[in-house]
Amino acid sequence: MDEEKMIEEAFNTLVESYLATKHRKKVEKITKAFNFARHAHQGVRRLSGEPYIMHPLSVAQIVCTEIGLGSTSICAALLHDVVEDTDYTVEDIKNMFGDKIAQIVDGLTKISGGIFGDHASAQAENFKKLLLTMSEDIRVILIKIADRLHNMRTLGSQPYNKQYKIAGETLYIYAPLAHRLGLNSIKTELEDLSFRYEHPEEYAQIEYKLAATKAERDTVFDEFIAPIRQTLDSLGVKYVIKQRIKSPYSIWNKMQNKHVTFEEIYDILAVRIIFEPTDMSRELNECFNIYVGISKIYKSHPDRLRDWVSHPKANGYQALHVTLMSNKGEWIEVQIRSTRMDEIAEKGFAAHWKYKEGEQNEDDAENELEKWLTTIKEILDDPQPDAMDFLDTIKLNLYASEIFVFTPKGDLRTMPAGATVLDFAFSIHTFVGSHCIGAKVNHKLEPITYKLQSGDQIEVLTSKTQHVTREWLDIVTTGKAATKILATLRKDEREARRKGESMLDEFLRAKGLTNDSATVDLLCELHEVQKPEALFAAIAQGQIVLGQEDVNKIQNKNSASAASWMRLFAFGKKKPVRKIDDTPDEEVPAIDKTKILQLSDTNRSKYTLCDCCKPIPGDSVMGYVGDKNHVYIHKFQCKTAQRIKANRGNHIIAAKWDIGNSMQFEATIALRGIDKPGTLNQITEVISSSLNINISKLEISCSDGIFESTIRLLVHDTDELKEVMNSLKKIPTVKEIARV
Ligand code: MN
């Protein structure tokens, strides 16, 4: 059978790759793990239609060739989904393959259902636990990264909502983790794959431009390296010179962050010199000799020498980066690495042990792993300032948008950056939130508006007489708190309405009047409120006090003929039908998250364009399915969207714009430039006169000859906005322009 042959071939490739490494040869054990996994997953297929075993085989292949781990990890990779997806237990694995492999498989099973899994979103934010899980056995994380890499490579067979969830998590959790562990090529591939699924059009465009400019780059490269080759040859160095092309994701990232076009990115090409040291003890010297040699050919940029040879990065990266001026007058970065440094840069710390002195076998690898684990554990046990810096870098890289705070009992909690005391109170409990009057932050009294800082210890203060008010919505930044405040407000309003309605009923009865819709509408008119609901609420809250005047008016009106009322009815001028505010839950139709939500005009009630990022037609967006199946639309790059992608993946729905030219949206742009008389005129001229776009707000400030301006516009879509920005760019005094 073809499939059987495909499986056998994949396995043979794995064994061959393993035999090509310097590991101790444990083919028998690997074969046993393969046969066991194959049998356990028998008859099961992936969404792509492939036999399931192809997945663990691919993961094992990545673990072996791309990360450089040994037989223990290869076996664990082959077995990684057995406990989760079949009837076999960790105990079974332990009996057949021993403690170590069983422990790793157990770790992998736990995190696929736990921190990194479907259900434990809150935990994914818990940085400390994450580290502790890592430190149990670093191989768990390495295999998990390989697992994710293969899932990303085969992401096309998943439905859209899953694609977004997986791509989002990958960018948020796995790519930084791979970076931290020094797995550079995997990190780059994860980022590029995420980018490709999240922004297919932008990805394709960058790919296209890279291909279109290749010939040009090749020429620059060839001309630039020719004299370098001569020098290296005369020095007698064994070397290869490669082009390093910036990845589509980093290019796009730079375009976004620096607001530049593809054509304006000057460092797409870098040159990498990888040399074979004559002797390990001469490695560092030779690195600098090469530097000295080539800086005789080209002028080097004084501020752009990076020496990670004598001072390796925390993830083990070593290289010498210099930026040289080519004969054509362009700065080109040159990275000088030994073969050893290059392998560590690509495969991470797992490559370290290969270069250890003495006998090279898996026990050495084991020792290296042990050392790494011990370091982390020591840091956690006894946090020293220096060591904490190291942890801080991990923290910063992983969760730049998060802060870490403590409860009075010392429990760690994560909150989004910018969260207030009120957010924190609601994160504990709705009751605590809705009665919060302030907090003791680090034993000092602070108001509910206080913005939390990482490391704060917070004791929430409550009072029974405290009430939720609408203003609170401006204080909170988390969706959770806002939702709870709105729910409480709605509940309070419902109660007030009910109370007001019965107060009214009592009043009318006491005065001998009938409680019908005509009377209620009349009272609405008298007290200038829009709806009966508002009338009831106002009565309950004492804003409207009913009295004799109302009684008189009602009696007068009643004496007028009923016919006039009927006429009014017929003409529809007055509709004494009560509008009901809250639609009951049952009427909300279920939403199919595997479909794409069309953001059309007719669909308007189904979704909300979120205020945090203010998406407009043309932006890449996604939906978050919230309460009552209402969908909240965010831009892909919005902080909230990133949190959702990482933590609430199951709520994601894909969304596409389907709005014609009927609606306008607010968009804000920021400008900076040289302050010359007439600039403001030119700007408004371009926007309103030549493009006929409405400005809804304009702010400008000048200092030291520089002006800064923010302009709020009403546009139909991103194309229109781009047109505005491109036209403004043409004004000579405008130097920077960006959407905010
Ligand atoms: Mn898997």
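Residues numbered from 1 in each chain as written. Predicted model: local features only at pLDDT ≥ 70, side-chain atom pairs only at ≥ 80, totals over all residues. Heavy atoms only, no water.

**Quick look at the coordination of the manganese ion**
Filter applied, for reference: Donor atoms (N, O, S) are those found within 2.8 Å of the metal centre, with the cutoff raised to 3.2 Å for Na, K and Ca; water is not part of the atom list, so apparent gaps in a site can occur. Here a strand is any run of E in DSSP of at least two residues, a helix any run of H or I of at least four, and the numbering for each starts at the N terminus. Throughout, exposure labels follow a simple rule: accessible area from a 1.4 Å probe, protein chains only, divided by the maximum for the residue type, with under 20% read as buried, over 50% as exposed, and the rest as partly exposed.
Taken together, His55 (NE2), His80 (NE2), Asp81 (OD) and Asp147 (OD) make up the protein donors of the manganese ion, found 2.2 to 2.5 Å from the metal. In primary-sequence terms, the residues that donate to the manganese ion follow H-x24-H-D-x65-D. One end of the pair, His55, is in helix α3 (residues 54-66); the other, His80, is in the loop between α4 (71-78) and α5 (82-85), and 25 residues separate them in sequence. Residue His55 shares its accessibility class with His80, and that shared class is buried.

**Quick look at helix α15 (residues 248-258)**
Rules: The contact criterion used is simple: two residues touch if any of their non-hydrogen atoms lie within 4.5 Å.
Looking at α15, one finds that the buried residues are Pro248, Tyr249, Ile251, Trp252 and Lys254. Buried residues in α15 make contact with α11 (160-180), α12 (184-198) and α13 (200-212). Following α15 by one or two positions, His259 adopts a phi angle in the positive range, close to 55°.

**Thoughts on the pattern of salt bridges**
Any two side chains of opposite charge can pair, given that their charged atoms come close. Worth spelling out the cut-off: Whenever a carboxyl oxygen of Asp or Glu lies within 4 Å of a side-chain nitrogen of Lys or Arg, that contact is scored as a salt bridge.
Going through the model one piece at a time under the given rule, you end up with 27 salt bridges. Residues Lys214 and Asp218 are paired through a salt bridge, measuring 2.8 Å at the closest nitrogen-oxygen approach. One end of the pair is Lys214 and the other is Asp218, both in helix α14 (residues 214-235) and four residues apart, which spans about a single turn. Overall, the relative accessible area of 45% leaves Lys214 in the partly exposed class. Through salt bridges with shared partners, a single network forms among Arg272, Arg337, Asp342 and Glu346.

**So, the side chain of Arg340**
Condition: Residues adjacent in sequence count toward polar contacts only when both atoms are side-chain atoms; beyond that, a polar contact is any pair of N or O atoms within 3.5 Å, and within protein one must be able to donate a hydrogen and the other to accept it.
Among the structural elements, Arg340 can be located in helix α17 (residues 339-347). In this structure the side chain of Arg340 is engaged in a polar contact, spanning 3.0 Å, whose partner is the side chain of Glu283.

**Re the nonpolar core**
Put simply, the test is: Only buried Ala, Val, Leu, Ile, Met, Phe, Trp, Tyr and Cys residues count toward a nonpolar core, and they belong to the same one when joined by side-chain atoms within 4.5 Å.
By size, the foremost hydrophobic cluster in this structure holds 60 residues, and its most contacted members are Leu79, Ile93 and Ile145. Looking at this core element by element, the count peaks at nine residues for helix α10 (residues 138-153). In terms of nonpolar packing, the next biggest core, distinct from the first, is built from 33 residues, Leu599, Ile616, Val724 and Leu728 among them.

**So, the pairing of strand β14 (residues 631-635)**
Here is the rule we go by: Paired strands, as defined in this entry, are two strands with at least two bridges between them according to DSSP.
Counting buried positions along β14 yields four of five residues, so the element is predominantly enclosed. Both strand β12 (residues 607-609) and β14 contribute to a ladder of three bridges, which runs parallel. Directly across from Tyr607, in β14, lies its bridge partner Val631. Of the pairings in the sheet, the one linking strand β13 (residues 621-625) to β14 comprises five bridges and is antiparallel in character. The residue bridging Gly623 from the neighbouring strand is Ile633, located in β14. Linking β13 back to β14 in an antiparallel pair, the connection comprises five residues, with Lys628 at a positive phi of about 55°.

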